[in-house]
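This is what each chain is made of:
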Amino acid sequence: MLLGELSEAFGVSGQEQEVRDLLYHAVKDLADEISVDTIGNLIACRKARQSAPHGEPLRVMVAAHMDEVGFMVTGIDNGGMLRFAPVGGIDARVVLDKQVVVGRERMPGVIGSKPIHLQDRDEPGAPVKFENLAIDVGAGSKDDLEGRVSVGDVVAFKMRFCVLDTNPSGLRAVMGKALDDRAGCALLVELLKTDYAFDLYAVFTVQEEVGLRGARVAAFAIKPDVAFVLETTICDDLPKKVDTTNVTRVGDGPAITIRDRTVVADQRLVRLLVDTAEQEGIAYQFKSPETGGTDAGAIHLVQDGVPSAVVSTPCRNLHSMANLMSLADYDETLRLIRATLLRLGPEDLRR
Amino acid sequence: MKELLRKLTETYGPSGSEEQIRAVISAELDGLVDSYSVDALGNLIAFKRGTGSGKKVMLAAHMDEIGIIVTHVDKKGFLRFLPVGGIDPLTLLGGRVAFANGLSGVIGVEKLESRKEAPGIDKFYLDVGATSKEDCPVRVGDTAVFTRPLAEVGSRLIAKAMDDRAGCVVLLEVLRQLNDSPHDVYAVFTVQEEIGLRGAQTSAFGIAPELALAVDVTTTGDTPEARVMAVSLGEGPAIKVKDSGMLAHAGVKDLLIRTAEREGIPYQLEVLGGGTTDAMAMQVTRSGIPTGVVSIPCRYVHTNSEVVERTDVENAVRLLVAVLGGPIAL
């Protein structure tokens, strides 16, 4: 399954090559033009195959980011332990004891932690800080790593993609690393298999997790009339004591963004998404506002502005190793975005 | 002018949902300008052609106001919310808000364990009179703004959203009074200033002006135990030197000062420690735009009772009309 391959591929922000190569092969026969820009975005353009009723076809950009959060080696101590820092936003508590792969050689390692036997009585509650952690690749000394690991090498979580629930009428939950946003990338590949009445610019972006950087330059070059971003999003739906927001819930279908910290979704596009969902009988939810950020934050502000919207598959445990999402939600997200794109026309951008 | 200010300040228009205020301002533009349009983000761009011998000038005043956005409807129909724009939680206590359709809400707060610390935003909730999630007329994502009618005390005007409906009124009055200007003037009523100067960024890119001027409120230093600031109510519009986001273009600043002195318009010089305006975004658009700001002194900014002095607003209009009335050399 492409989603599984993408999940297991190594692609921390700034080093997305392995993911890009996988995606290049997946889309090269689906696109009329394919290119990689200076920062590393993969841009696949599928021209309009249905005739546009009025004038020039719209330029529609749909983006999903290839990069995952991870770590970077900042130092190698004499004992061969690797000091490291996060790349993208990661809570230090979720990294303890996780298996990782390091650098070019994909060396396996583990992020060590102090066994409970050795902790002081009040240590278990103490805050975890990256500067106190180290990656153990089993080296005897710094010399063992000469030429194999360097400062600046990137490190990714290591995890096999797995299907948790095969019951066809259930959640069909899957678990893997980097579903944020390899799930979006897999959906974008699917979208390239349909004919539209507009020119589709499918952009697999780089460096979203460190500042929406790839999306910004790709959007500037493409100058789209409208943009959609496919993401996975925060899901805080496990039982809790206080009656506050879950942001989104697994099993409630694709999440439509109203606004997050980086963008106010264009209201015309939100209305189009909602109308499409209702007419196609697709269950959907709204993502609770003012949380998180996506490539749309950068895209909507390029040039003289791009109306933009975000559609996401809810995903538990984002920015940690084992992301969990429902393939039922994922399939409905695809159904929603595809149906919306098939309805999209210039009249939807009128005020 | 008071009635225009009343109409604008009492209209609903939080950042990202400016449709209503845009409609009200559009209605005021008929007869004042050659054309107007709405761009991709919702900025209202009004164009008044000049006689042709001048520059392409952009004026910016933001239409959006601060507010709150509903993040959760709880089982009993109470709402949790987050701010839209910069809101000090202290200003929420006992507040009243209104949604786009006019529905009112009252801001409540959880019991406070300690009265020494200001409660965080997560301790507040909104009460719209619902009794359950099912009968609550408000949904996640709905936005609301403070509600207060405009009040007049002598020559002082008090309202919510003086920031920056006062600036919008200045732009409208400038358009009304400007005749035979050499310059092509783009008066932009921007969106989403309070959440990141977003409308100004994209509209400035689209217009690509040769000179940009923002018109926004600024704080004053003339209230008890205020932060040190040389701006006071009633001493004239403030010509911005610096704020936390930009240093005014020296040529533009000097042009404003020269013009004020020549015309006998009272003015002040402004250095603002915390806060910025659309000018910050306009200044660094494309390859850069000479940018300045004419500020309207305002007490209690980002509360529901912002106070301006009528003469400061009128003198801001006079200053801009005088600057745009003749040739500009920077």
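As the structure is a computational prediction, the values presented were derived from the model and not from experiment. (Residues numbered from 1 in each chain as written. Chains lettered and ligands numbered in written order. Predicted model: local features only at pLDDT ≥ 70, side-chain atom pairs only at ≥ 80, totals over all residues.)

Explain the interface of chain A and chain B here, please?
Interfaces are frequently sized by the accessible area removed from exposure as the parts join. Each side of the interface is counted separately: chain A has 17 residues, and chain B has 20 residues. For the side of chain A that touches chain B, the per-class residue count stands at 7 nonpolar, 5 polar and 5 charged. (Contact = placed C-beta atoms within 7 Å. Nonpolar A, V, L, I, M, F, W, Y, C, P; charged D, E, K, R; others polar.)

What is the right way to read the domain arrangement of chain B from this model?
Residues and elements named next belong to chain B. For chain B, the assigned domains are domain 1 (2-65 + 160-325) and domain 2 (69-146). With centres defined by C-alpha atoms, the gap from domain 1 to domain 2 works out at 31 Å. Opposite the 13 residues of domain 1 that make contact, domain 2 presents 12 residues. Here the side of domain 1 that touches domain 2 is composed, by residue class, of 3 nonpolar, 7 polar and 3 charged. (Domains from an automatic or database assignment.)

Would you take a moment to explain the packing of helix α3 (residues 179-191) of chain A against helix α7 (residues 327-343) of chain A for this structure?
Helix-helix packing: each pair is described by the crossing angle between the helix axes and the interaxial distance. Residue and element names in this part refer to chain A. Direction vectors running N to C along α3 and α7 enclose 45°, while the axes themselves pass 10 Å from each other. Comparing the axis directions of α3 and α7 gives the class oblique. Read as a crossing pair, α3 and α7 show a hand that is right-handed. Counting all contacts with α3, which are made through Ala-183, Leu-187, Glu-190 and Leu-191, the residues of α7 involved are Tyr-330, Thr-333, Leu-334, Ile-337, Arg-338 and Leu-341. Of the residues that constitute the contact of α3 with α7, the class distribution is 7 nonpolar, 1 polar and 2 charged. (Axes fitted to C-alpha atoms, helices over the stretch in contact; angles between N-to-C directions. Helix = DSSP H or I, 4+ residues; strand = E, 2+ residues; numbered from the N terminus. Parallel < 35°, antiparallel > 145°, perpendicular 65-115°, else oblique. Left-handed = near helix turned anticlockwise from the far one by under 90°.)

Is there a simple way to think about the domain arrangement of chain A in this case?
Residue and element names in this part refer to chain A. The assigned domain composition of chain A is domain 1 (2-68 + 177-346) and domain 2 (70-157). Using C-alpha coordinates to define each centre, domain 1 is positioned 32 Å away from domain 2. Opposite the 12 residues of domain 1 that make contact, domain 2 presents 12 residues. Residues belonging to the side of domain 1 that touches domain 2 are distributed by class as follows: 4 nonpolar, 5 polar and 3 charged.

Help me understand the environment of Leu-2 of chain A in this model?
Residue and element names in this part refer to chain A. In this structure, Leu-2 sits in helix α1 (residues 2-8). Expressed as a C-alpha distance, the spacing of Leu-2 and Ala-298, which sit 296 residues apart in the sequence, is 28 Å. Setting aside anything within four residues of it in sequence, one finds Leu-2 in contact with Ala-26, Ala-186 and Val-189.

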